[in-house]
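Survey of secondary and tertiary structure
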Amino acid sequence: MMSLTLACGPYFDETGFWASVLLFLIVKPLAYFAFIQAFRYRVSRPIPMKFSQAAKLTAMRAGLGIGFTALGWLFLTGAGNSAGFEGLLAVSWLFLYVERLFSWWLVGSWGAGLRGRRLWGWVISGTLFNAAFDVAMVMGLFM
């Protein structure tokens, strides 16, 4: 269950759960903001967006991530009694990546107004950006 709850941020252990949640809620949105600013400046538009525009997109993406993660956690908590740990773990990671693809698409198409190749570049880059956090989290668990 922790893999679903904290896959987007650092995870320490049971004693550091609240520190992990705090970092998830602070560090991840700041990283989203930096990603959005960099993507929009280098790929999508010749003029950097305003701070308020980037903040709105960041809030949209962070809100979608938190909301979908909470829904997934509720669903998987209820399903946890009927499924084995391995199956539950696979479902949680699959859910996370579907959520990420959908959230980046939604923010890119509706929030940023991207279309075509720029939208798909946004979705793929954003999902890979999230994957970098996953790799860091998994590496932290094994080190």
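Here, the structure is the one placed above.
I will try to describe carefully the structure that is included in this document. Worth saying up front: this structure is predicted, and the values here are computed from it rather than measured. (Residues numbered from 1 in each chain as written. Predicted model: local features only at pLDDT ≥ 70, side-chain atom pairs only at ≥ 80, totals over all residues. Heavy atoms only, no water.)

Helix and strand counts for the chain stand at five helices and zero strands. Moving toward the C terminus, one meets the helices and strands of the chain in the order α-α-α-α-α. Looking at the chain as a whole, 39% of its 143 residues qualify as buried. For the chain, contacts bridging at least 24 residues in sequence account for 67% of all contacts bridging at least 6. About 8200 Å² of surface is accessible on the chain, with carbon and sulfur atoms providing 75% of the total. (Helix = DSSP H or I, 4+ residues; strand = E, 2+ residues; numbered from the N terminus. Buried < 20%, exposed > 50% of the residue type's maximum accessible area, 1.4 Å probe, protein only. Contact = heavy atoms within 4.5 Å. Areas by Shrake-Rupley, 256 points an atom, 1.4 Å probe, with all protein chains shown as cover.)

Taken as a whole, this structure holds twelve aromatic pairs when the rule is applied. When the ring of Tyr32 is compared with that of Trp104, the centres are 5.4 Å apart and the planes differ by 85°; the resulting orientation is edge-to-face. One end of the pair, Tyr32, is in helix H2 (residues 17–44); the other, Trp104, is in helix H4 (residues 85–111), and 72 residues separate them in sequence. Tyr32 gets classed as buried once you look at its relative accessible area, which sits at 3%. Taking the relative accessible area as the measure of exposure, Trp104 reaches 0% and is therefore buried. A centroid spacing of 5.1 Å and a plane angle of 80° characterise the contact between Phe39 and Trp122, whose relative ring orientation is edge-to-face. Of this pair, Phe39 sits in helix H2 while Trp122 sits in helix H5 (residues 116–142), and the two are 83 residues apart along the sequence. (Phe/Tyr/Trp six-rings, centres within 6.5 Å; stacked < 30°, edge-to-face > 60°.)

By the secondary structure assignment, Arg61 is in helix H3 (residues 51–79). A polar contact is formed between the side chain of Arg61 and the side chain of Tyr32, at a distance of 3.3 Å. In this structure Arg61 touches Tyr32, Glu99, Arg100, Ser103, Trp104, Val107 and Asn130, once residues within four positions along its chain are discounted. (Polar contact = N/O pair within 3.5 Å; in protein donor to acceptor, adjacent residues only side chain to side chain.)

Let us now look at a nonpolar patch on the surface. Nonpolar side chains collect at one region of the surface, where Leu22, Leu23, Leu25, Ile26, Val27, Leu30 and Ile66 lie side by side and expose about 580 Å² of accessible area between them. The greatest single-element share of the nonpolar patch, amounting to six residues, is contributed by H2. Looking at the secondary structure, you find Leu23 in helix H2. Since its relative accessible area comes to 30%, Leu23 is described here as partly exposed. (Patch = residues over 30% accessible without salt bridge, like charges linked within 9 Å, V, L, I, M, F, W, Y side chains within 5 Å. Salt bridge = Lys/Arg side-chain N within 4 Å of Asp/Glu carboxyl O.)

Looking now at the side chain of Ser103. Inspection of the secondary structure puts Ser103 in helix H4. Taking the relative accessible area as the measure of exposure, Ser103 reaches 0% and is therefore buried. Beyond its immediate chain neighbours, meaning those up to four positions away, Ser103 contacts Arg61, Leu64 and Phe68.

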